[in-house]
Amino acid sequence: MFNAELKKGSAELLVLSLLETRPRHGYEIGKLIEQRSEKRIQFRIGSLYPILCRLEQRGLIVGRWVEKAGERRRRYYRMTPEGRKFLAAERSSWEEFVATINHLVSSEYA
Amino acid sequence: MPNWNEYVREHLSLPKCSPEREAEIIEELAQQFDDAYEEGLLSGLSEQGALLAAKRHVSDWSAFADDLMQAGFGHPRKPANHNFTDNTEPAFGRIRQFVSAPLSDLNPDRRQFKTRVATVIEMTGQDLHYAIRMLAKRPLFTFVAVVTLAIGIGANTAIFSVIDSVLLRPLPYPQGNRLTVLWSTLGKEGRCPGSGPELLSLRERSKLFDQFAGIWVQNGALTGQGEPQQVKLGWVTANFLSLLSAHPQAGRFFIPQDEGKGRAPVVVISHELWQRHYGSDPNLVGRSILLSGRPYTVVGILPAGFKLMFPEGASVPANIDVYASFDMNLAEQPRDQDFIRIIGRLRDGVTIQQAQGELDANTPGKADPCHS
């Protein structure tokens, strides 16, 4: 399991990236993160739900109640155009940040 | 099958949320808890095990509620078909709008500075908001902490005020560090003011003081102009005010010719009385006022803030409204009539101990209990 601070700093980026291709509901987002990280990153409802709220308040995602036949209605989230721009910018910043940290912590500087 | 709606409703408190909003939140969370429960059952857990695993998703409900409120969950949601291309932004986004100003408008240094300032302001506001909410959740602790702080701050302020006025600040008089109050000793029982002859004797004999002055305070009444008013009246030697104040605000202080029996009655009034009773009349100096039924000519007005700082027990209040020069000959007063509070100014380089030695040596017959 990664350090909680690292997880906190990348949480929004993770959530947005999972909404890039299609809408998803909250629990599904948490499960996907857990599966794709091979259980190295796990978000409980208590952590993930406030992130979704924040992103929605900022207009980066939008939620909608969807009722499918035979199922309880669920709230699905999708990314907004603002969210796509934000994700692109954050992704680029993140890549630059990681590259910089990697460069600094490499054995050459140890 | 657990009732997750009921479970969430029991544990989650969002006091600033509307009932409709709260119902939406509860429904969405209940759905997620149900998903977690179903997943637990599918993974082979017992019903109880799956229930516990699901409940572990939120262990601290009050922190969870705080996070939701901080995330803006007290605000109504935008409608699902909200068009985000019309450039409207929630209030939360205003700071982001500020830091996202068109880059062509800002040079790089100003842009960075503005970004840092906006970030600091935003973070400080969030921290303050969080701190206030945490304190509001623990009212007893907050009350005790506030009371403790209030007592500590109050006590420190009071102590500092005393130390500042008594020790740190010099007396607000010219050469204030050389001023002393002199008392007659009353046998072994204490001390008392001096008499007229004693004051004159001190002036005659002392080589270590360059001036002695005296005051006697009683009540007086101003009549004539305006409402009759009781005032504090200080009978003083001619040099009393000039010993304690550099110069008057208007007019003059007393001169030797003002003191004694049969002299023209004159007064110097305080700045505060001049404002309060005479409406800051610029032409008051030279006019006559009625004091305890007698006319006196105003010859001077003291500067604002002038006050006396006699020690406790001297019966000399800090704020005296009217000063009049003694209208009696001090030499003719009974020697045992002790009513004058005497002050003296030491000569340069003279210590209190030296001055006390001189006073002790000059005492005419130590058997007289009322003489210093």
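Up top is the structure these notes are about.
Residues numbered from 1 in each chain as written. Chains lettered and ligands numbered in written order. Predicted model: local features only at pLDDT ≥ 70, side-chain atom pairs only at ≥ 80, totals over all residues. Heavy atoms only, no water.

A. Spotlight on the overall build of chain A. Within chain A, the regular secondary structure consists of four helices and three strands. Beginning at the N terminus, the succession of helices and strands in chain A can be written as α-β-α-α-β-β-α. For chain A, the residues scored as buried account for 45% of the 110 residues in total. Expressed as a percentage of contacts within chain A between residues at least 6 apart in sequence, the contacts between residues at least 24 apart total 50%. Total accessible area on chain A stands at roughly 6,500 Å², and carbon and sulfur atoms take up 52% of it. (Helix = DSSP H or I, 4+ residues; strand = E, 2+ residues; numbered from the N terminus. Buried < 20%, exposed > 50% of the residue type's maximum accessible area, 1.4 Å probe, protein only. Contact = heavy atoms within 4.5 Å. Areas by Shrake-Rupley, 256 points an atom, 1.4 Å probe, with all protein chains shown as cover.)

B. Region of interest: the side chain of Glu 28 of chain B. You can see Glu 28 of chain B is positioned in helix 2 (residues 19–42). The exposure class assigned to Glu 28 of chain B is buried, which follows from its relative accessible area of 3%. Within the local environment of Glu 28 of chain B, its side chain forms a polar contact with the side chain of Tyr 77 of chain A, the two groups lying 2.4 Å apart. (Polar contact = N/O pair within 3.5 Å; in protein donor to acceptor, adjacent residues only side chain to side chain.)

C. Local environment of helix 8 (residues 196–205) of chain B. Within helix 8 of chain B, burial applies to Gly 196, Pro 197, Glu 198, Leu 199, Ser 201 and Leu 202 of chain B. Those residues of helix 8 of chain B hidden inside the fold are in contact with strand 1 (179–182), strand 2 (184–185), strand 4 (209–223), strand 11 (341–346) and helix 11 (352–362) of chain B.

D. Focus on the pairing of strand 10 (residues 322–325) of chain B. All names here are of chain B. Because side chains alternate across strand 10, one face comprises the buried residues Val 322 and Ala 324, and the other comprises Tyr 323 and Ser 325, equally buried. For strand 5 (residues 229–236) and strand 10, the ladder comprises four bridges, and the chain directions are parallel. Counterpart to Gly 234 in the pairing with strand 10 is Tyr 323. In this sheet, strand 10 lies alongside strand 7 (residues 266–269) in antiparallel orientation, the contact comprising three bridges. Looking at strand 10, one finds that Val 267 is bridged to Ala 324. (Pairing = 2+ DSSP bridges.)

E. Just helix 4 (residues 61–70) of chain B, in detail. Among all positions of helix 4 of chain B, only Trp 61, Phe 64, Ala 65, Asp 66, Leu 68 and Met 69 of chain B are buried. Immediately beyond the C-terminal end of helix 4 of chain B, within one or two residues, lies Gly 72 of chain B, with a positive phi of roughly 90 degrees.

F. Seen up close, unusual backbone geometry. Of note, the phi angle at Glu 38 of chain A is positive, near 55 degrees, even though the residue is not glycine. Within the secondary structure, Glu 38 of chain A sits in the loop between helix 2 (26–36) and helix 3 (45–57). For Ser 315 of chain B, which is not glycine, the phi torsion reads 60 degrees and is therefore positive. Structurally, Ser 315 of chain B can be placed in the loop between strand 9 (294–301) and strand 10. Residue classification places Ser 315 of chain B among the exposed residues on the basis of a relative accessible area of 54%.

G. Representation of the nonpolar core. Core analysis: the biggest nonpolar cluster contains 48 residues, and Tyr 49 of chain A together with Leu 12 and Phe 33 of chain B have the highest contact counts within it. Beyond its immediate stretch of four places on either side in the chain, Leu 12 of chain B contacts Glu 22, Ile 25, Leu 29, Trp 61, Phe 64, Ala 65 and Leu 68 of chain B. Listed in part, the 32 residues of the second largest apolar core include Leu 202, Phe 212, Leu 233 and Ile 340 of chain B. (Core = buried A, V, L, I, M, F, W, Y, C linked by side-chain atoms within 4.5 Å.)

H. Quick look at the interface of chain A and chain B. Counting residues at the interface gives 28 residues for chain A, matched by 33 residues for chain B. In this assembly, chain A packs against chain B so that about 3,000 Å² is buried in total across both faces, 54% of it on carbon and sulfur atoms. In this assembly, chain A and chain B are joined by four salt bridges. In this structure, the salt-bridge partner of Glu 28 of chain B is Arg 75 of chain A, at a minimum N-O distance of 3.9 Å. (Buried area = accessible area lost by both parts, 1.4 Å probe. Salt bridge = Lys/Arg side-chain N within 4 Å of Asp/Glu carboxyl O.)

I. Up close: the packing of aromatic side chains. Residues and elements named next belong to chain B. By the definition in use, this model includes 15 aromatic pairs over all chains. Between the aromatic rings of Phe 326 and Phe 339, the centroid separation amounts to 6.4 Å while the plane-to-plane angle is 85 degrees, which identifies the pairing as edge-to-face. Of this pair, Phe 326 sits in the loop between strand 10 and strand 11 while Phe 339 sits in the loop between strand 10 and strand 11, and the two are 13 residues apart along the sequence. Take Phe 326 and Phe 339: they sit in the same class, and that class is buried. (Phe/Tyr/Trp six-rings, centres within 6.5 Å; stacked < 30°, edge-to-face > 60°.)

J. Structural view of the sheet that holds strand 1 (residues 24–25) of chain A. Residue and element names in this part refer to chain A. Ordered by their spatial adjacency, three strands build an open sheet running 1-3-2, and the pairing between neighbours is antiparallel. Unpaired on one side and paired on the other, strand 1 and strand 2 (61–66) mark the two borders of the sheet. Against the sheet, helix 3 engages strand 2 and strand 3 (74–79), with an angle of about 110 degrees to strand 2. (Axes fitted to C-alpha atoms, helices over the stretch in contact; angles between N-to-C directions.)

K. Region of the structure containing the pattern of salt bridges. The full count for this structure, using the stated rule, is 21 salt bridges over all chains. Here Lys 31 of chain A makes a salt bridge to Glu 34 of chain A, at a shortest N to O gap of 3.2 Å. Placement of both Lys 31 of chain A and Glu 34 of chain A in helix 2 is noted, with a separation of three residues, approximately one turn of the helix. Note on accessibility: Lys 31 of chain A and Glu 34 of chain A belong to one class, buried. Across the salt bridge formed by Arg 287 of chain B and Asp 281 of chain B, the nearest N and O atoms sit 2.5 Å from each other. You can call Arg 287 of chain B partly exposed: its relative accessible area is 32%. Judged by relative accessible area, Asp 281 of chain B falls into the buried class, the value being 16%. Each of the salt bridges in this network shares a partner with another, and the network as a whole consists of Arg 178, Asp 210, Arg 345 and Asp 348 of chain B.

L. Representation of the side chain of Ser 37 of chain A within the structure. All names here are of chain A. Looking at where Ser 37 falls in the secondary structure, it is placed in the loop between helix 2 and helix 3. Exposure remark for Ser 37: the relative accessible area of 12% places this residue in the buried category. Here Glu 34 takes part through its backbone oxygen, which lies 3.3 Å from a polar atom of the side chain of Ser 37.

M. Molecular detail of a nonpolar patch on the surface. A cluster of nonpolar side chains, contributed by Trp 94, Phe 97, Ile 101, Leu 104 and Val 105 of chain A, occupies part of the molecular surface with about 480 Å² of accessible area. Within the secondary structure, Ile 101 of chain A is located in helix 4 (residues 81–105). (Patch = residues over 30% accessible without salt bridge, like charges linked within 9 Å, V, L, I, M, F, W, Y side chains within 5 Å.)

N. The arrangement of the environment of Pro 197 of chain B in detail. Residues and elements named next belong to chain B. Secondary-structure assignment places Pro 197 in helix 8. You can call Pro 197 buried: its relative accessible area is 12%. For the pair Pro 197 and Gln 333, spaced 136 residues apart in sequence, the C-alpha separation works out to 6.7 Å. The residues touching Pro 197, leaving out its near neighbours within four places in the chain, are Leu 330, Ala 331, Gln 333, Pro 334 and Arg 335.

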